[in-house]
Amino acid sequence: MPAGRIHEAINVGALGLLSASYVYEQNHLGLSEPAAFGFAVAYLIGTFLVTPDLDLAEQRVRAKGNWGVLGWLWVPYGLIFSHRGWSHTWIVGPLTRLVYMVLMGALLWFGGEALLHYLGVQLDLRGQVRLPPEQVLYSGVAGYFASQWMHLLADGIWPDAGFRRVRR
Ligand SMILES: [Zn+2]
C-alpha cells in the first residue's frame, strides 16, 4: 500500500491528465469552467485533506498532518474505522467522511455558540449561505469521489470488491 506522499503524487498526476484532456476537449464536454474548477478543488481537498487513510488518524498520518492544529478532529474517525475497512470501500467509504465532517462541523458550531452564549458574548452570524450552482455542486461531488477512487485504485482495491470487507 503506497505511502501518503505517493498517493498524493499519483492523484495529482491523474488530475494533471484530466485537466489536459479538459482543456483539449472543452468544446465537446459541455462542462463550464466554474464546474471544472469545482471538480479540481474538491479533488485536491480529497487528495490532501480528506483521504481514506484518515482511518489511521489515531496515529500519525499525512492527511491528518495537512490539517495542522485541526488534525486531532479526525482522531475519533481513526478510532471508529479500522484501517482499510469500510473507510476503503468505493461508495460507503467516501460517504463516511462526508457525514463525519458534517457532524463534527455541527458539533463545533453549536458547541462554540453555546460556549460564547455562556460567556455572555452575543454573536449574530445568521447570514444566508448560498450553495453554488447545481453543476458546480455536482462537479465538486464528482471531484471528491474521483480523488477517493484514485486512492483506492492505488491501494489495489477495485470497484468489483463491492461491499466486501477488505482484508486488513
Ligand atoms: Zn489507503
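Conventions we followed
- Residues numbered from 1 in each chain as written.
- Predicted model: local features only at pLDDT ≥ 70, side-chain atom pairs only at ≥ 80, totals over all residues.
- Heavy atoms only, no water.
- Phe/Tyr/Trp six-rings, centres within 6.5 Å; stacked < 30°, edge-to-face > 60°.
- Buried < 20%, exposed > 50% of the residue type's maximum accessible area, 1.4 Å probe, protein only.
- Helix = DSSP H or I, 4+ residues; strand = E, 2+ residues; numbered from the N terminus.
- Expected span 1.5 Å × (residues − 1).
- Contact = heavy atoms within 4.5 Å.

1. Observations regarding the packing of aromatic side chains
Here is step 1: Inspection of the entire model under this criterion finds 9 aromatic pairs.
Here is step 2: Taking 5.5 Å as the distance between ring centres and 85° as the angle between the ring planes, the aromatic pair formed by Trp-74 and Tyr-77 counts as edge-to-face. Note on accessibility: Trp-74 and Tyr-77 belong to one class, buried.
Here is step 3: Note on Tyr-77 and Tyr-100: the rings are 5.3 Å apart at their centroids and 70° apart in plane angle, and the pair reads as edge-to-face. In this pair, Tyr-77 is assigned in helix α4 (residues 75-80) and Tyr-100 in helix α5 (residues 92-118), connecting sequence segments 23 residues apart.
Here is step 4: Accessibility expressed as a relative area gives 11% for Tyr-100, which makes it buried.
Here is step 5: Among the aromatic residues, those joined into a cluster by ring pairs are Trp-67, Trp-74, Tyr-77, Phe-81 and Tyr-100.

2. Here's the deal with helix α6 (residues 134-154)
Each α-helix winds once per 3.6 residues, and so residues spaced three or four apart point in a common direction.
Here is step 1: For α6, built from 21 residues, the straight-helix expectation of 30 Å at 1.5 Å per residue is met to within 8% by its first-to-last C-alpha distance of 30 Å.
Here is step 2: When we look at burial in α6, the residues that qualify are Val-136, Ser-139, Gly-140, Gly-143, Tyr-144, Phe-145, Ala-146, Ser-147, Gln-148, His-151 and Leu-152.
Here is step 3: Buried positions along α6 lie against α1 (4-29), α2 (33-48) and α5.
Here is step 4: Residue Gly-156 follows α6 closely and has a positive phi angle near 85°.

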